[in-house]
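Here is how the chains run, residue by residue.
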Amino acid sequence: MKRYNKFIFILFVTAILSGIATSLEAQDKPKKKKTALIEVKGLVTDNTGKPLSGVTVLSGEGSIINYTDANGKFALKTKADGTLLIEAFGYKDVVINLAKEQPTVIKLQNEDLYASERDIHERADGGKTYQRDLVGTVSKLSMENVLKYPDLQLSNALQGQAAGLIAISGDGGLGYNTSTLYVRGQHNNGTNTALVIIDGIERPIDDILPEEIESIEVLKDATAKILYGAAATNGVVLVRTKRGEAHKRIVRVGVEYGIQPSTRVPKYLDSYNYSKLFNEARINDGMNPYYTDTQLEGYRNSSGVNDVLYPNVDYYNEFLLNQNIYRKGTIEFNGGNEGVKYALVGGYTGGSGLEKVGERSALHRMNARGNLDIKITDFLTVTADVAARVELKNWGAKDGAGIFSTLSSNRPNEYPFIIPNETLSGQFTPNEDGTPFFGASTRIVDNLYADMVYGGDTSERYVNSQTNLGANFDFNKYVKGLTFNAYVTFDNYSYLRQELRNTYPTYAIDTYSDLDGETITRYTQMKKLDLPKTQKIASNNTYRYFGMRADIGYERTLGVHDFSAIGAFRYTKNEMTGMTQDFKDANISLRLNYSYDKRYLAELTLAGMGSNKFDKNDRFFFSPAVGASWIISNESFMKEVKAVNFLKLKASFGVLGYTGNTGFFLYQTGWNNNGNYNFFQDQTDHKVSLARWGNPDLTWEYSQEFNIGIEGLFFNNRLSTELNYF
């Protein structure tokens, strides 16, 4: 760990010293006079000279916004040494430095299909690939649709957003009903959940707001997943947070408040129909009826939940509301210039539970993120990101899962909520705090009403912080096509739960007939009084996550030939309180890409995956992946087919290692110390027993994966399709 700290220290000091040097250089320069405003007029056209209307023209780092009219003309006032940014969908952006030029006619060049800034896929090895050049299978979600989904958990908003991505919602209470994510179904007999990567490192997807996200991608085939190492076999959900945009100034404020109704709840029988059908079931099985006619009549005429002998309870109606509350507020600042770019997002999310009685569960969550890009020199850019989340939850003695479990398992005639004091005052001592007597049964000793109203409270605090530091070196000025990037991250997670649990006596009620045939009611105490004065710590955990990545890349274009090669190293370490063994994974990769005339593309990736779960001789696994694609629409014979705008055939194959189902030290034989044993009269010795036989030949689990697919755009880009067989 010391060598990584040294690396981080050097990176940090380099960034600081470079920033100081830049600042001192700026201070040495004489102060500039106030820059005069000028009026800029222009005409925006396409590459054929046709005027374009509705084109966005920005200046003053986004503080001045204008649009071209129906004739493609615009006019605005800005600083004489300012910058113009011209944007139009389907065209390449144009940046004009007004101190150097003030063109009256600005021609925009068409963007190639699937080759714009919006179509870039960031790879795990630091490289970038346009959708046009991708040989693998990657789906990008529409963030517009994700942002429209009003839910406390981001994972729930991903259901149905991309082909092959499955989100199965959980059944926990408020803030705990997160979805489990799967990509292309089940992959093995053990762990099948997808790997979630946020800004290059594995992180919980529900820890961030949708407003923090620039893009979400789903990596499905071997060529797309292999760069993320041994944890990526089940598929990858790749999240990239927002970064600042040069020459813009964006401020967004959002406020949401709503009600989330229960769509459907189970309908259960009342006490009379339950008892009647229970008797019928016993008769069908050749047994005597359990409930007498007197009891059936009592249930038919029950006075409700507190009828001592004949209770009738609709648990869902008594304990649950029909809706809960959802509220959210966010603010975002985004912008910058060529030297510094920033993205700041802050938000609050809150909600309440469905409890009708007792303390209603409440959630309060605060998120904050700041991503900064600083151009230190013409070849060095430093990135510094910080993010934090603070979440507070409060509920009663029963959490959501416990409540729903009880609602679904208690019979409607299980027990009355409250037994009148006069009924039991002669047999049992009233509770010291004046609470009533609570009913129970010999089958169920807990009283749900007592637990929810008087049972105590629970408070939970979850705090996480994320820090990313990166340095990007572009040596293209010195060696054309050469780049080097380094990236480190530190994540800390803290979880604390405190609870106060009050236990009140409950009393089971049953009847029997004495020798004279009279019905006798008997009350049996099932629980004893226990009223602690203070909360206790139920859980207190800390997690630490460290990750790093370094890569060196080279790319060149020679005529119709495009080459690129990237070598990368990834390392992650996960520490957790109470765990004696840290999780350590490493991945070394080499990716080679070749393209001929933008028609035929090939990609080869060689990866060495490492894990500390295996013996030193089997700690690494060699994993290859290869893919190829043919852009049919770029062929000369397709030029006259106007209905086809883009058509690509692709195929890939790879062998991926996996460690998710493998425990630590399974290659070693383990023994348990089982205390002492006696021999003779006064002599003892220690004894041990076999815990497991070790397997010295234990090796990696792996999968062989192939994918054949076709992508297309048709009818003037109105219809997009993708078909994959895997």
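For the structure, see preceding data.
What you see is a predicted model, and the numbers here were worked out from it, not measured in a lab.

Novice: Which parts of the structure should I look at to understand the pattern of salt bridges?
Specialist: Oppositely charged side chains may form a pair once their charged atoms are brought near each other. Counting across every chain of the model gives 40 salt bridges. The partner of glutamate 211 in a salt bridge is lysine 328, with the nearest N and O atoms 3.1 Å apart. Pair noted here: glutamate 211 is in the loop between strand E14 (201-202) and strand E15 (213-219) and lysine 328 is in strand E18 (residues 323-336), with a separation of 117 residues, a long-range link. Exposure remark for glutamate 211: the relative accessible area of 12% places this residue in the buried category.

Novice: Mind showing me how you'd approach the pairing of strand E6 (residues 94-97) here?
Specialist: For a regular strand, side-chain orientation follows a simple rule: the groups alternate between the two sheet faces. Only one face of E6 is buried: it carries Val94 and Ile96, and the other face, with Val95 and Asn97, is open. Here strand E5 (residues 83-87) hands over to E6 after six residues, with glycine 90 in that stretch at a positive phi of 90°.

Novice: Explain the packing of aromatic side chains here, please?
Specialist: Centre-to-centre distance and the angle between the planes together describe a pair of aromatic rings. Considering all chains together, one arrives at 35 aromatic pairs under this definition. Considering the side-chain rings of tyrosine 114 and phenylalanine 646, the 4.9 Å spacing of their centres and the 80° angle between planes classify their relative orientation as edge-to-face. You can see tyrosine 114 sitting in the loop between strand E7 (105-107) and strand E8 (120-122) and its partner phenylalanine 646 sitting in strand E33 (residues 644-658), a full 532 residues away along the chain. Since its relative accessible area comes to 3%, phenylalanine 646 is described here as buried. Summarising the aromatic geometry, the rings of tyrosine 315 and phenylalanine 417 are spaced 6.4 Å apart at their centres and angled 55° between planes, so their arrangement reads as tilted. Taken together, the positions of tyrosine 315 in helix H6 (residues 315-319) and phenylalanine 417 in the loop between helix H7 (400-409) and strand E22 (418-419) put the pair 102 residues apart, joining distant regions of the chain. Phenylalanine 417 matches tyrosine 315 in its accessibility class, with the two residues each being buried. Taken together through their ring pairs, the aromatic side chains of Tyr274, Phe278, Tyr290, Tyr291, Tyr299 and Tyr310 make up a single cluster.

Novice: How should I be thinking about empty space enclosed by the protein in this particular structure?
Specialist: Where empty space is left in the structure can be found by rolling a water-sized probe over the atoms. Applying the stated criterion across every chain, the model contains five cavities of 30 Å³ or more. Empty space within the largest cavity amounts to approximately 130 Å³. Along the walls of the largest cavity sit 18 residues, with Asp151, Leu152, Leu154, Pro210 and Lys328 positioned nearest its centre. Elements supplying a minimum of two residues to the lining of the largest cavity: helix H2 (143-147), E18 and strand E20 (362-375). The residue inventory of the lining of the largest cavity, partitioned by class, reads 10 nonpolar, three polar and five charged. Approximately 70 Å³ is the volume found for the second largest cavity. Elements supplying a minimum of two residues to the lining of the second largest cavity: E8 and E15. In terms of residue class, the lining of the second largest cavity is made up of seven nonpolar, one polar and three charged.

Novice: Just to check I follow, could you spell out the sheet that holds strand E4 (residues 73-79) for this structure?
Specialist: Remark on secondary structure: sheet strands pair via backbone hydrogen bonds, oriented parallel or antiparallel. Taken in spatial order, the three strands of this open sheet run E4-E1-E7, and their pairing is mixed. Because the sheet does not close on itself, it has two edges, and the strands there are E4 and E7. Between one strand axis and the next, the sheet turns by 40° as a mean value, whatever way the strands run. Judged from the three bridges that link them, strand E1 (residues 37-45) and E7 form a sheet pairing that is parallel. Bridging across to E7, valine 44 finds its partner in isoleucine 106.

Novice: Is there a simple way to explain the side chain of lysine 225 in this structure?
Specialist: Looking at where lysine 225 falls in the secondary structure, it is placed in helix H3 (residues 222-225). Separated by 3.4 Å, the side chain of lysine 225 and the backbone oxygen of lysine 220 make a polar contact. One polar contact links the side chain of lysine 225 to the main-chain carbonyl oxygen of threonine 233, over a distance of 2.8 Å. Not counting chain neighbours up to four residues away, the residues in contact with lysine 225 comprise His187, Leu219, Lys220, Ala232, Thr233, Gly235, Val236, Leu656 and Glu705.

Novice: How do you make sense of the environment of threonine 349 when you look at a structure like this?
Specialist: Looking at the element boundaries, threonine 349 is found in strand E19 (residues 340-352). On the basis of relative accessible area, threonine 349 is assigned to the buried category, the value being 3%. Counting along the chain gives 64 residues from threonine 349 to aspartate 285, while the straight-line C-alpha distance between them is 54 Å. Apart from residues lying up to four places away in sequence, threonine 349 is in contact with Leu152, Leu209, Tyr326, Arg327, Lys328, Leu363, His364 and Arg365.

Novice: How should I be thinking about the pairing of strand E3 (residues 64-67) in this particular structure?
Specialist: As paired elements, strand E2 (residues 56-59) and E3 share four bridges and run antiparallel to each other. Bridge pairing in E3 links leucine 58 to isoleucine 65. Taking the residues that link successive antiparallel strands as the turn, the E2-E3 hairpin has four residues, and the phi of glycine 60 there is positive, at about 60°.

Novice: I tried to follow H7 on my own but got confused; where do I start?
Specialist: Since one α-helical turn is 3.6 residues long, residues separated by three or four positions face the same way. Among all positions in H7, only Gly400, Gly402, Ile403, Thr406 and Leu407 are buried. Each buried residue of H7 lies within a common arc of 165° when the element is viewed along its axis, so the set occupies one face. Those residues of H7 hidden inside the fold are in contact with H6 and helix H9 (448-454).

Rules used throughout
Residues numbered from 1 in each chain as written. Predicted model: local features only at pLDDT ≥ 70, side-chain atom pairs only at ≥ 80, totals over all residues. Heavy atoms only, no water. Salt bridge = Lys/Arg side-chain N within 4 Å of Asp/Glu carboxyl O. Helix = DSSP H or I, 4+ residues; strand = E, 2+ residues; numbered from the N terminus. Buried < 20%, exposed > 50% of the residue type's maximum accessible area, 1.4 Å probe, protein only. Pairing = 2+ DSSP bridges. Phe/Tyr/Trp six-rings, centres within 6.5 Å; stacked < 30°, edge-to-face > 60°. 1 Å grid on protein atoms, 1.4 Å probe; cavity = no way out; pocket = protein on both sides within 12 Å on 5 of 7 lines; lining within 4 Å. Points joined across faces, edges and corners; volume = space filled by probe spheres on them. Nonpolar A, V, L, I, M, F, W, Y, C, P; charged D, E, K, R; others polar. Axes fitted to C-alpha atoms, helices over the stretch in contact; angles between N-to-C directions. Polar contact = N/O pair within 3.5 Å; in protein donor to acceptor, adjacent residues only side chain to side chain. Contact = heavy atoms within 4.5 Å. Arc of directions from axis to C-beta.

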